Amino acid sequence: MTIQPEIMLILARARNGVIGHQNKMPWHIPADLRHFKRLTINHPMIMGRQTFESLPGLLPDRPHIVLTHNMNWQAEGCEVAHNLDQAIEIALRYSSRIAIIGGAQIFKQSWSLADYIELTEIEKDYTGDTYVDLPDMSGFSLESQQDYDAESGQPAFCFKRFMKRKIMP
Ligand SMILES: NC(=O)c1ccc[n+]([C@@H]2O[C@H](COP(=O)([O-])OP(=O)(O)OC[C@H]3O[C@@H](n4cnc5c(N)ncnc54)[C@H](OP(=O)(O)O)[C@@H]3O)[C@@H](O)[C@H]2O)c1
């Protein structure tokens, strides 16, 4: 029996589309880090090589699958894939629920694979060098939304979960 993956794309995006700057996240929002942890814990995460290199280290209890075209690239504690199909095949060895966590190059190639999009919308513009344009969202429905006000120097933000609309047979 073929296992069907359930794929979630997880991203945090500023009002002006920025998702990264100098290979870092341009903001520090602890609630978003906790949200990311809740979504990914015990599930394999697929990421681009640059996102992997932006992490402070391996995140515990989540297999890391890193995409690179470089056949010689390796890093301790992660598995390497050279295309998205291969990355998903590796991820399925761990769980059918798979997180694709960026960065921009990887999101651009994976919108059509997403069963869910877990989007953190940050209600502020940021300076950055990495942007993401959201795809046409008409194929998705908004399943849940949690809003948080700005406080103690942090911008307002919200968590939105979009689910791919099922096409009736
Ligand atoms: N806000 C967010 O939610 C979020 C999430 C993740 C990352 N980020 C930010 O985004 C930035 C990084 O994003 P990025 O777009 O520059 O890089 P990226 O998507 O993380 O990684 C790009 C690299 O992935 C590899 N790659 C891409 N497509 C591939 C494919 N089809 N097959 C095999 N390998 C492939 C290539 O590695 P090689 O060059 O080794 O071949 C490429 O250089 C950082 O600033 C990071 O902090 C933000």
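Not measured: the values here are computed from a predicted model.

Peer 1: Please set out the UniProt feature "domain: DHFR" (unreviewed entry) in the chain residue by residue, giving values where relevant.
Peer 2: Per the UniProt record, "domain: DHFR" (unreviewed entry) is found at residues 6-164. Helix makes up 20% of residues 6-164 and strand 34%, whereas the separation of the span's terminal C-alpha atoms amounts to 11 Å.

Peer 1: So what's going on with the site of the ligand? Residues and values would help.
Peer 2: The ligand sits among 28 residues. The nearest are Ala12, Arg49, Thr51, Thr68 and Gln109. Within the contact set of the ligand, a nitrogen atom lies 3.2 Å away from a backbone nitrogen or oxygen of His82. Relative to its unbound accessible surface of 930 Å², the ligand loses 89% to contact with the protein. At the level of secondary structure, the elements contributing two or more residues to the shell around the ligand comprise β1 (6-14), β2 (18-20), α2 (49-54) and α4 (104-110). Among the residues making up the shell around the ligand, the classes are represented as 9 nonpolar, 17 polar and 2 charged.

Peer 1: Break down the nonpolar core for me, citing the residues and quoting the values.
Peer 2: Core analysis: the largest hydrophobic core is formed by 25 residues, its most contacted members being Leu9, Leu11, Ile46 and Ile117. Of all the secondary-structure elements, those providing two or more residues to this core are β1, β4 (64-67), α3 (84-91), β6 (97-100), α4 and β7 (116-122). By residue number, the principal contributor to this core is α3, which donates 5 residues. Apart from the residues within four sequence positions on either side, Leu11 is in contact with Ile19, Phe107, Trp111, Ile117, Glu118, Leu119, Thr120 and Val132. Judged by nonpolar contacts, the second largest core, of 14 residues, contains Phe36, Leu39, Leu59 and Tyr116.

Peer 1: Break down helix α1 (residues 30-40) for me, with residues and values.
Peer 2: Listed in full, the buried residues belonging to α1 are Ala31, Asp32, His35, Phe36, Leu39 and Thr40. Projected down its long axis, α1 shows its buried positions confined to an angular sector of 160°, all on one face. Summarising the geometry of α1, the exposed residues directed more than 90 degrees from the buried face are Arg34 and Arg38.

Peer 1: An account of the side chain of His64 is requested, with residue identities and associated values reported.
Peer 2: If you trace the backbone, His64 turns up in strand β4. A relative accessible area of 3% means that His64 is categorised as buried. Side-chain polar atoms of His64 contact the backbone nitrogen of Leu59, separated by 3.0 Å. Not counting the four nearest positions on each side in its chain, His64 is found in contact with Met45, Met47, Phe52, Leu55, Leu58, Leu59, Cys78 and Glu79.

Peer 1: Lay out the sheet that holds strand β3 (residues 45-48) in plain terms, naming residues and giving numbers.
Peer 2: Read from one edge of the open sheet, 8 strands run β5-β4-β3-β6-β1-β7-β10-β9, paired in mixed fashion. Lying at the two open borders of the sheet, with one neighbouring strand each, are β5 (78-81) and β9 (140-148). Sheet twist, expressed as the average angle between the axes of neighbouring strands with direction ignored, equals 20°. Alignment of β7 against strand β10 (residues 157-164), held across 7 bridges, turns out to be antiparallel. Each residue of the ladder has a partner; that of Ile117, found in β10, is Phe162.

Peer 1: So what's going on with the pattern of salt bridges? Residues and values would help.
Peer 2: It is possible for side chains of opposite charge to pair when their charged atoms get near one another. Going through the model one piece at a time under the given rule, you end up with 7 salt bridges. Where Arg49 meets Glu53, a salt bridge forms, and the shortest distance between an N and an O atom there is 3.0 Å. In this pair, Arg49 and Glu53 both sit in helix α2, 4 residues apart, roughly one turn of the helix. Here Arg49 falls in the partly exposed class, since its relative accessible area comes to 30%. Between Lys160 and Glu121 there is a salt bridge, with the nearest N and O atoms lying 3.1 Å from each other. Of the two residues, Lys160 sits in strand β10 while Glu121 sits in strand β7, which places them 39 residues apart along the sequence. The exposure class of Glu121 is partly exposed, given its relative accessible area of 22%. Taken together, the salt bridges that share partners define one network made up of Glu118, Glu143 and Arg161.

Rules of the game
Residues numbered from 1 in each chain as written. Predicted model: local features only at pLDDT ≥ 70, side-chain atom pairs only at ≥ 80, totals over all residues. Heavy atoms only, no water. UniProt positions renumbered as here; feature names shortened; annotations may be inferred. Helix = DSSP H or I, 4+ residues; strand = E, 2+ residues; numbered from the N terminus. Near = heavy atom within 4 Å. Polar contact = N/O pair within 3.5 Å; in protein donor to acceptor, adjacent residues only side chain to side chain. Areas by Shrake-Rupley, 256 points an atom, 1.4 Å probe, with all protein chains shown as cover. Nonpolar A, V, L, I, M, F, W, Y, C, P; charged D, E, K, R; others polar. Core = buried A, V, L, I, M, F, W, Y, C linked by side-chain atoms within 4.5 Å. Buried < 20%, exposed > 50% of the residue type's maximum accessible area, 1.4 Å probe, protein only. Contact = heavy atoms within 4.5 Å. Arc of directions from axis to C-beta. Pairing = 2+ DSSP bridges. Axes fitted to C-alpha atoms, helices over the stretch in contact; angles between N-to-C directions. Salt bridge = Lys/Arg side-chain N within 4 Å of Asp/Glu carboxyl O.

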